[in-house]
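Here are the chains, one letter per residue:
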Amino acid sequence: MESDSFCPGVSSRGAKRGRITIFIGTGGHMPGDDHPATHLQYLPSMTSDYSRISDTAKAIDPCIEPALLSYLASLPSSAAGKQPGSPFVIADYGAADGVNSSQLFERIIRFLRKKHPLMSIRLVYIDIADPAPFHHFWKGSGLSGLPRVEAEYFQRSFYDPLPDLAGSVDIGISSTSLHWLNTKTVDARFFHHPTLIQANQLPASERKKFVRKWIGDWRVFFRERSRDIAPEGMLYLATLTDLGGDRWPASAGYNNLRAVCVSLYQEGRISKQELDAIFIPDYFATPEEIASLVAEEGISQHFSLKSLKTLTVPCAYRCRMQDTGNDARKRQHLAYSLARVVRAWSESSIRVGLSPDHEDLIDEIYRRLAERFFERPEGLPYQYCLMEFLKRNIIPGD
Ligand SMILES: C[S@@+](CC[C@H](N)C(=O)[O-])C[C@H]1O[C@@H](n2cnc3c(N)ncnc32)[C@H](O)[C@@H]1O
């Protein structure tokens, strides 16, 4: 396993509500206890400003590009091995609105076109999020202006089958998305916890059920990709990872968010039930857990692992915070920016935990978070595991 500190550039990463079970308040009376409170499915999607502020996720693209271009360079010149007339298909699993992968996709297309000027390209964006932000992006994007490039958005989970793609995807990419667990396959109570808000904060013994869930979810992810990706096609995953100790993505963001929620509980502003239900349904597997999983027969029979390496993307805001010296206004601006980044990926989960009449606390939570970042500046580096797979060409009867 290789490890890098970081290649170029640098910062980070919501809210759809599907009602599921009844949330019954018991014990001492607290605000939020007496609601016929409905319980919501955890459905992680980003806030609408995500792609404007997610510098860290964008910074990973230059690290992915060399592997993709060298894969493209290795393709046979007979129109990259495609049947005449069929497009070259690039799928983005967990694409959000498509903004963050757009420059990378443009460079891939320009590279391909040098060798195959007439080749048509189909871009497929897969995400559980509302398609409207994608359509907005696509209208004004440089990609939509390129000749013979078409795009489709599937509002679907990457854990669900995508029969429209069957065996057609030449390059599948997933960046900064696969840490989200499949929340549809368990009751929302699976994610309730009395003291912590994220699986990586838990001691090993309590983490087990999340690790088991992660393993099950990733097996499904690979099974589905084995159906989508064409023989000898490439699957490139840039996933967030836990490097041990506090070296797991945005740990300071999760820890401070938890402290803010505890303070609201101690002040009697939220109930114990709400505190328990505020949980971010993601898991950052360690590189060892990832390596062991992808070596399983069920996965390795379809995908050969070409490379696996880790790297840490430093926190852009932390560096800028250090440069502010005694300039309190600048520091405050950065503390609020950092809190917005945390809000982008945590707000949907916070909303699931809070009872409907506590929606007004959302702004309060992130104001308090910004204050904490202001008082005790902390960086939110993101640790990544980058993996390059080739789909095996399984010949029937082999
Ligand atoms: C942090 S964003 C990353 C977006 C983009 N790939 C990037 O690199 O900036 C994670 C995305 O994964 C999506 N997501 C989470 N769980 C998903 C699932 N099961 N299926 C499809 N998309 C999912 C979220 O809606 C969100 O848009």
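See above for the structure.
These numbers come from a predicted model, not from an experiment.

**Student:** I'd love a proper account of the overall build of the protein, names of residues and values included.
**Tutor:** If you tally the helices and strands in the protein, you get 13 helices and 10 strands. Counting all 398 residues of the protein, 46% fall into the buried class.

**Student:** Give a detailed account of unusual backbone geometry, specifying residues and quantitative values.
**Tutor:** Not every positive phi belongs to a glycine, and Ala-96 is a case in point at roughly 55°. Position of Ala-96 relative to the elements: it lies in the loop between strand 4 (88-93) and helix 4 (102-115). Overall, the presence of 26 C-beta atoms within 10 Å leaves Ala-96 in the buried class. Phi at Glu-232 is positive, roughly 70°, even though this residue is not glycine. Mapping Glu-232 onto the fold places it in strand 8 (residues 229-240). Given 15 C-beta atoms within 10 Å, Glu-232 falls into the partly exposed group.

**Student:** Could you give an account of the environment of Leu-243, with specific residues and numbers?
**Tutor:** Positionally, Leu-243 belongs in the loop between strand 8 and helix 7 (251-266). A sequence separation of 69 residues divides Leu-243 from Thr-312, and the C-alpha atoms of the two residues are 9.3 Å apart. Residue contacts for Leu-243: discarding those within four places in its chain leaves Trp-248, Thr-310 and Gln-383.

**Student:** I'd like a rundown of the pairing of strand 5 (residues 121-127), residues and numbers included.
**Tutor:** Most of strand 5 sits inside the fold, with six of its seven residues counted as buried. As paired strands, strand 4 and strand 5 are joined by six bridges and run parallel to one another. Across the sheet, residue Ala-91 finds its bridge partner in strand 5, namely Val-124. Each parallel crossover has a hand, and the one from strand 4 via helix 4 to strand 5 is right-handed. Across seven bridges, strand 5 lies against strand 6 (residues 149-155) in parallel orientation. The residue bridging Leu-123 from the neighbouring strand is Ala-151, located in strand 6.

What counts as what
- Residues numbered from 1 in each chain as written.
- Predicted model: local features only at pLDDT ≥ 70, side-chain atom pairs only at ≥ 80, totals over all residues.
- Helix = DSSP H or I, 4+ residues; strand = E, 2+ residues; numbered from the N terminus.
- Buried ≥ 20, exposed ≤ 12 C-beta atoms within 10 Å, placed from the backbone.
- Contact = placed C-beta atoms within 7 Å.
- Pairing = 2+ DSSP bridges.
- Right-handed = clockwise from strand over helix to strand, strands pointing away.

Fair warning: the whole summary comes from geometry, so function is off the table for now.
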